[in-house]
Amino acid sequence: MNFDFSDDAKALREQARRFLDERATTKVARTQMAADSPYDTMLWTQVVELGWTAARVPEAMGGLGLGGDEACVLAEEIGRSLAPVPFMSTLLATEALVLVGTEEQQTRWLGGFAEGALIGCVGWGEGDAASPARAGAKVTGDRITGIKVPVPDLMAADVALVSAQGPDGVQLYVIDLSDPGVTREAADTIDLVRRHGRLTLTNAPCAPLGTPDTYHEWLDRAAILTSFEALGTASAAMAMAIGYAKERTAFGQKIGRYQGVKHKCADMYIKLELARAHALHGAWAMQDGAAELRQAAAAARVASLDALAYCAEENLQIHGGTGFTWDSDCQFYYRRNRAIVAALGSKTWWSDRLVRALERRNALAA
Amino acid sequence: MNFDFSDDAKALREQARRFLDERATTKVARTQMAADSPYDTMLWTQVVELGWTAARVPEAMGGLGLGGDEACVLAEEIGRSLAPVPFMSTLLATEALVLVGTEEQQTRWLGGFAEGALIGCVGWGEGDAASPARAGAKVTGDRITGIKVPVPDLMAADVALVSAQGPDGVQLYVIDLSDPGVTREAADTIDLVRRHGRLTLTNAPCAPLGTPDTYHEWLDRAAILTSFEALGTASAAMAMAIGYAKERTAFGQKIGRYQGVKHKCADMYIKLELARAHALHGAWAMQDGAAELRQAAAAARVASLDALAYCAEENLQIHGGTGFTWDSDCQFYYRRNRAIVAALGSKTWWSDRLVRALERRNALAA
Amino acid sequence: MDFNDTPQEAEYRTKVRAWIDANIGEFRDVPDTMDRADFVARSKRWQTKKYEAGFTGITWPKAFGGQGLGPMNQIVFNQEESRFHAPTELFSIGLGMCIPTVFSHGSQALIDRYVAKALSGEEVWCQLFSEPVAGSDLAGIRTKAVKDGDDWVIDGQKVWTTNAHLSDFGIIVCRTDPSKPKHKGLTMFIVDMHAPGVEARPLKQMSGGSDFNEVFFTGVRVADSHRVGAEGDGWKVALTTLMNERLAVGGKPRHAPGYATLLDMAKRVQRDDGAAIEAADVRQRIAATYIADEGIKLTQMRALSALSKGEMPGPESSIAKVVVAKTMQDMAAFALDLSESGGFVTGAETDPDVARLQGSYLWSAGLRIAGGTDEILRNIIAERVLGLPGDLRPDKDLPFNAAA
Amino acid sequence: MDFNDTPQEAEYRTKVRAWIDANIGEFRDVPDTMDRADFVARSKRWQTKKYEAGFTGITWPKAFGGQGLGPMNQIVFNQEESRFHAPTELFSIGLGMCIPTVFSHGSQALIDRYVAKALSGEEVWCQLFSEPVAGSDLAGIRTKAVKDGDDWVIDGQKVWTTNAHLSDFGIIVCRTDPSKPKHKGLTMFIVDMHAPGVEARPLKQMSGGSDFNEVFFTGVRVADSHRVGAEGDGWKVALTTLMNERLAVGGKPRHAPGYATLLDMAKRVQRDDGAAIEAADVRQRIAATYIADEGIKLTQMRALSALSKGEMPGPESSIAKVVVAKTMQDMAAFALDLSESGGFVTGAETDPDVARLQGSYLWSAGLRIAGGTDEILRNIIAERVLGLPGDLRPDKDLPFNAAA
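Residues numbered from 1 in each chain as written. Chains lettered and ligands numbered in written order. Predicted model: local features only at pLDDT ≥ 70, side-chain atom pairs only at ≥ 80, totals over all residues. Heavy atoms only, no water.

Selection rule: UniProt positions are given in the numbering used here, feature names are shortened, and annotations may be inferred rather than shown by experiment.
The name that an unreviewed UniProt entry assigns to chain C is Acyl-CoA dehydrogenase, with the source organism given as Glacieibacterium frigidum. Taken directly from UniProt, the Cofactor (unreviewed entry) text for chain C runs: "FAD".

Looking at an unreviewed UniProt entry, one finds chain A named Acyl-CoA dehydrogenase and attributed to Glacieibacterium frigidum. Comment text from UniProt for chain A, heading Cofactor (unreviewed entry), reads "FAD". Comment text from UniProt for chain A, heading Sequence similarities (unreviewed entry), reads "Belongs to the acyl-CoA dehydrogenase family."

Here you go:
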C-alpha cells in the first residue's frame, strides 16, 4: 500500500512552500488588490523560472513531463499562499491540452506555457446560473458566439478554453484571444485579489478540444487540481485561526482554551483531513486512469468546498471584530472561498455528480 | 398585541403540570414499558376526571367546549411528562370530529370521549414510506380495505380515524373498531412506552369524515397540537440535560462550565424557542381560522421536530456513558422523538408543505 | 390571541399617525444625493420636529424631559415612523444608550446640561466602550484616565464607535485604577468629541464600507464634574448602557434578503434537471430560512405582547441575534451557490437580488460578531437563561496590572 | 501511488492465506446457535491454533513470545482472517491492551506467568478502568486499593467492562493514595476475576443488548507482586493501555449501514413527487455519507501506507471516530425519516435495511460516547494535533481528597 505522494512530489511541495512562504505572503495579495496589472508579473516570472508551468507539459513540447502528483502539490501550495499569479488557470488549460489536444494545439500553446511566454485560462460560467454541464455559448462551424463570465485570469491570458454547445454536445473549445470577434473586459467579483474577466465572443474563431466525453474527464481532473488548491487555502485559514487562538486573550485565558473556539478548530481539521483523503484518492485516480476517477473527483470537490467554506467563515469568526476589518487577512480567505466555488460550480452540482457515479458503479457491480 | 395564551389556558397549564409532575413521572413511563395493559388505566381515569378529554368537546355533547388554546397547553404538558395515556390520540380524534363530524358522528363518539367511556385514535401510516398525502387503504362504497401501521394507542381505542383513498381523494374515515372486518394487533416500535398497533381492514364498514380538503385542514390542526406535544417532550429532555450539566463534575469542574456542553444547551433553547414561536402562531391561526393556518402549522411541525431531535440526541450525549444505559431516562426522549416523527410524517414532507403554502400566498399577494 | 392594538395603543397610534402624516414632508424619502453635512442637518431637523411635538423620550420619566409613557407607545411610534425613510439613525445610540446612562447615573448638573439638547437633536452622542484588546471581554479596557487636579487626562484608543466623527459628545469608560481587579478599576466620563486630543478615524470594514470609527485619545482633559457615577463604578454604569444595547441589536437588518428573496430566485434559476424551486434541497432551505426569520419576528411579538400587558418580556428574545446572523450567512452562501458562477460577479450588471445576497454574505460575517459573538451570546443564554455556571475566569479577582 | 502490497507484504499474505484456508474449518461461519460456554471454547480453539502456527503477538518482541514483525504483518493477517467469521473478539482487549501493558510495565515474574497463556488463548483478560464517576475524566477513579501486609485490598466499582464475566484476569487501576493529586495517587494491578469479592453484572444498554458489565469489588485481595508498575504510577501505566485503545476504536462498525444502504433504499422509496433517489436532498445526503465513511477509509489507508513504509502514521487518524459516529446517527435519522412511518415499526416484518438503520440510530448514540465522547475527541484533536492550550483544570494539582 502506498497511498501517498511520491518522494519527488513531496520534495517539490517543500520547495514550493518555502519559496511561496517567503515570496508570496498575504502582503503580496494585499498589494495586488490595488494593482493595475491583472497579476503579479515579477512573482510570475519567478514561478515560471522554477519550472512550475512546465511541470505538466510533455518533454517533447519543452516541458518537464511530470505527473499529476506534482501538479497537485503545486496547486495546494499556490492555494495556501494566495499567490496572485495565473498559475491555476494555466495549469487547468495545460491539463486539457495534454489530455486531448491535437499535436497542433499542443505545439501552439504548451511550449509557450512552459517557458512563460504564454498564459492560459479556462471558463465555463456564464454569470446566470449555468452549470458546468450546460452552456449558452454556441458553436456553428468553426465560429463561436456567447459570453463567458467570470473567467479567472482572462485579462492576463493569451488563450482561453471555454465550454460551449457544439454539434455533439457541450465541450471545450480553444479561443485564441488575439483573434477577431473576441472582446474581453475586467469583471469585478467578490474576490478582490484574483482578477476575473468577461469574455464576449461574437462569431469568433474556435477549435474543438476533444469531445463532450473528454470535457467531462477534464472536469474531473480540474476538480481534483482545484480541490488541492482549496485544501491549501483552507489550511492557511485554519493556521491563521489557530495562531490567533493561541495568542489572543479574553477573560484571562487564551481564547484557544475555550471549547467554543477549540472545537471549531478541531472541526476545521476534521473537514480538511476528510477532504485531503478524497483529494489524494483523486490524485491516485488521475495518475492511474482508474475507473474511480469520476467519483473520486466529485468527492474531492464536495469535501474540499465544505472544508474551505467552514475554515474561511470560522477563521473570521474566531478573530472577532478585528477579523471583520479591511486590514485583516481574514477577508482573503472569506472571498477566495467564493472564487473557488465559481471556478468550477457548486457543492450541490458536484454532489449530484458523485451520486450519479455511485449509481453507475452499483449498476455495473450488480 | 396579545400573542400569548389566555390566562385561563395558562392556569390550566399550571394545573396540568403540577398534576403530571407528581403523578406521571418517568418512573410511570418505565413501569408502562413492561406493562401488559396498553396504557396506564389508573392515570387515564384521573386525566379523564380532570376533564382533559372533555376540554375540546362541545358542551352540547357533554364536554367543556374549551378552545384550541387549552388543547395546546394540555398537549405540551402531556408531551413533557411522557404520561402513558391515550390522550393525544383521543385529542386528535376529537379535533377531527369537532371540525367536520356529522351530528350523528359527534353524538356517537364525543360524549364518550368526554366522560372517558370511549377512546379514539388516528392513523395515516402504512409502514411502507407512505406520506400523509397518500394512502394505500381504499374505500369502495361504505367499505374499506387496507392496513394502517403504526397506529398509536390502537389497542386502547374504540374508534379509529384513518386516512384512505376515497372517491374524491385521500381523506379521513371513521372506523368502529368493534365492527366486523377489523383486525388489530400490537405492533412493536422504537418507542417502548407509547403502544402502537397494526390495523387490518378487510372490507370493513367505514364512514367518511369530512372531505379531502378538511382532511388537510385537520392535518394542520393535528400538526399544531403535536408540535406542542413535541415542545413539551423536548423541554423535558433539555431540562434533564441542564440538570445533569449542573451536577456532574469532570476535570474538577461542573461539565456545564465547558462551552462544549454549555453551547449545546443554548442551542437546545434556541431551537425550542423558535419552535415555540411558530407553535404559538399555529395556536392563534387555529383559533382564529386564519388564512395563515397552513403555513403556521407546517412551520410549527418542522421547527418542533428539529428541536425535539436535537434535544433528545444531545441530552443523551451530555449524559455520556450513563445516558446510554437502559436505566437512564435519556432513552425515553431519544425513542419518543421517533414516535412523534411517525405520528404525522417527516420534517421533509412538512418543509415541502410549508413552501407550497408560501408559494400560494405569494401568488395571491402578486 | 390577537395581533391587534389595545384601545390605548390604537388611540396613541391614531394620534401619532396623524402627526407623522402631517409632518413627514421632506423626510418621506431619502434624497438621491446627500453629503455628510446635509445628512446631519436633515437628521437634526426631524429630531427637533419630534421633540417639539412631544414624541421624543417617550418612555423617559417626565423629570428628564421624557413623556412618561410605556414601552408600547415607543414601539407604536417607531412602527408608524418606519413607514417612511425618516432619518433616525444619528440619534439612536445617543438617545437609546448614552443619555439614559447619563440620567440614571449622572449628576443633576450633567442632566441639566446635556439631556434636553440631546433630546431636541441639537447635540449628537456616541458610545466609547470597545477597544482593540477589549471586545468580547469588555472589562479588559486599557484606555486610562489619570487624575490631574480637578481634571482627568485620558489616553488610549477606542474602536467600533458608531458616528464618532459626527458626534458632539460621547460616554467613555476608562481605567482609573489598574491596581484593582479588572471590573473594579473603571470609571465612566462624558467626553467632548471636539476637544483637543480626540481624533476619530473611519474604520474600513471587510465589506468595504466604514460604518464605524477608531477613536484615539491623546492627553484629553475631562473635568471631574463630567464623571458619570462614582469613581471605580464604571463597569456597573456601563452595564446599564449595555442592557439597552442588547435590546436594540437583534432583528434582521432592514432590507436584508430573506426567504422570499430565495423563493423568487429559485423560481428563476434553472438547474440541469429543472427549476430550482422544484428541488427538495432548495425547498428545505427556504423552509429553514422562513422558520428562523419568521420565528424571530414571532418571538419579538411575544415580547411586545408582554410589554403591552405591562409585563417584562421573557428571556426568549435573547435568541434573536445569534439566529438571525447565522441564518443570513448560511442562506446567502446557499443562494450564491444556487446562482453558480453568477453569484460571484459583482458590479452594476449583477441581478439586484444576487447583489443583495452578496452583501448579506459579507455583512453577516460582521453581524455574527457585532454586539456579542455567537459564542458570547450562547454563553449568555446558557448562563443567564438556563442557569449553567460561568466559564472559569482566572483573572477575575486579580489586580488588572498583575493579570497576564 | 498504489493500493498494492509491497513484495514483503505479498509474500506474508500468501503464507497467511494458505494457512488460514487450510485451518479455518469450523471457524468459517458463526454457528446458528451458540451459548456462552460454546462461544468461549470455540474462541479459545481458534486462538490456540493461531498460537501454535506463530500467528499471535505478530508485532510483539520475540522476548515476550511474539513474532517480532511489523504492524503491516498484523494488518495483513487481520485482513485475511476477516474474510471469514472467525471468533476473535474474546481476545482483542486482552491481547490488544492488557498484555502489552503487562509486558511493558510488569515484573518478569508477571510476564512469565501471564503472557504466554494469554497468547495461546488459555486465559481471557479484561480491562477495568472506567467508573461511574470517572468516564471522560478517567483520572477521577475512586476504586481504592489499601495496603494490608503484602496484599492490597480493593473496594469499588468499575463499569463498561467488556467480557468481564468471561475473563480470567483483568488489569485494574485503583486509587492507592487519595492525599496525592488525582493523577499521582493511582496504581495498576492484575486482579483474578474469579477471586472472592469480584462480581460482574451485565449492564443493559439503551439499545437493549448487554455488551458490557459493571464489576463490583468488595474486599478483593491482590498480592503486591501483582502490581504493574510502581506504586503511584498507575496513570502513566494506564496511558500505555489507552494509547492502544485509541488505535483500536475508530472505523465504522462492521456491517453498519452506509451510503450504499441509503442509495438502495432511496431507489425503493416513493415520495409524493417521485422516487426519493431523484430528490436533491437525498442525493446530497448520500454524497455526504459517502464522503464521511469513505473519507475515513481512505484516511486509514494513509495510515497503513505510513506503516508499510516503516513510518509513524500521521495524526489524521484521530478524526475517525468522531466522524463515523455522528455520520451514523445523522444518516440513520435521515433514512428513518425517509421511510416515514415505516422507519418506526420494529420486529420481524420490518424491511431488513430499515431494521439495520433503526439499530444504527440507537447504537450511534453510544458510539458517540464510547472510547471518548465527541467533545473529548475534539479536545484531543485541538490540543494534541493543533497545539491549542488545554482546558483549565482547577483540580489538577489538588490532593484528590481535597478537590470538590
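Comments concerning the UniProt feature "domain: Acyl-CoA dehydrogenase/oxidase N-terminal" (unreviewed entry) in chain C
So the rule is basically this: A run of H or I in DSSP counts as a helix once it spans at least four residues, and a run of E counts as a strand once it spans at least two, with each numbered from the N terminus.
Here the UniProt-annotated "domain: Acyl-CoA dehydrogenase/oxidase N-terminal" (unreviewed entry) positions come out as residues 6–122 of chain C. In residues 6–122 of chain C, the share of helix is 64% and the share of strand is 0%. The end C-alpha atoms are 34 Å apart.

Side note on the pairing of strand E5 (residues 169–176) of chain A
Along a regular strand, successive side chains alternate from one face of the sheet to the other. All names here are of chain A. This is how the line gets drawn: Exposure categories follow from relative accessible area, calculated using a 1.4 Å probe and restricted to protein chains: below 20% of the type maximum is buried, above 50% is exposed, and the middle band is partly exposed. DSSP calls a pair of strands paired once it identifies at least 2 bridges connecting them.
The element E5 is largely enclosed, with a buried count of eight among its eight residues. Two elements, strand E4 (residues 159–166) and E5, share eight bridges in a ladder whose sense is antiparallel. Paired with Leu161 across the bridge in E5 is Val174. The turn linking E4 back onto E5 is made up of two residues. Pairing geometry for E5 and strand E8 (residues 207–209), over three bridges, is antiparallel. By the bridge assignment, Tyr173 is partnered in E8 with Pro208.

A word on the UniProt feature "domain: Acyl-CoA oxidase/dehydrogenase middle" (unreviewed entry) in chain C
When the UniProt feature table is mapped onto this chain numbering, "domain: Acyl-CoA oxidase/dehydrogenase middle" (unreviewed entry) sits at residues 126–218 of chain C. Between the C-alpha atoms that bound residues 126–218 of chain C the distance is 18 Å, and the span itself is 0% helix and 51% strand.

A few points about the domain arrangement of chain A
All names here are of chain A. Put simply, the rule is: Just so you know, the domain bounds were taken from an automatic or database domain assignment. Every residue pair with non-hydrogen atoms within 4.5 Å of one another is taken to be in contact. Note on definitions: buried area is the accessible-area loss of two parts on being combined, 1.4 Å probe, summed for both. Whenever Lys or Arg places a side-chain nitrogen within 4 Å of a carboxyl oxygen from Asp or Glu, that contact is recorded as a salt bridge.
The domain boundaries assigned to chain A delineate domain 1 (7–118), domain 2 (122–210) and domain 3 (213–365). Using C-alpha coordinates to define each centre, domain 1 is positioned 21 Å away from domain 2. Every contact between the two is made by 27 residues of domain 1 and, on the other side, 19 residues of domain 2. For the domain 1 and domain 2 pair, buried surface summed over both sides reaches about 1700 Å², with 65% attributable to carbon and sulfur atoms. Where domain 1 meets domain 2, there are one salt bridge.

Notes on unusual backbone geometry
When glycine is set aside, most residues are seen to have a negative phi, and most peptide bonds are trans. Residue and element names in this part refer to chain A. Residue Pro150 is bonded to the preceding Val149 through a cis peptide linkage, with omega at 0 degrees. Of note, the phi angle at Leu82 is positive, near 65 degrees, even though the residue is not glycine. Mapped onto the elements of the fold, Leu82 is located in the loop between helix H4 (68–81) and helix H5 (87–100). Judged by its relative accessible area of 2%, Leu82 falls in the buried class.

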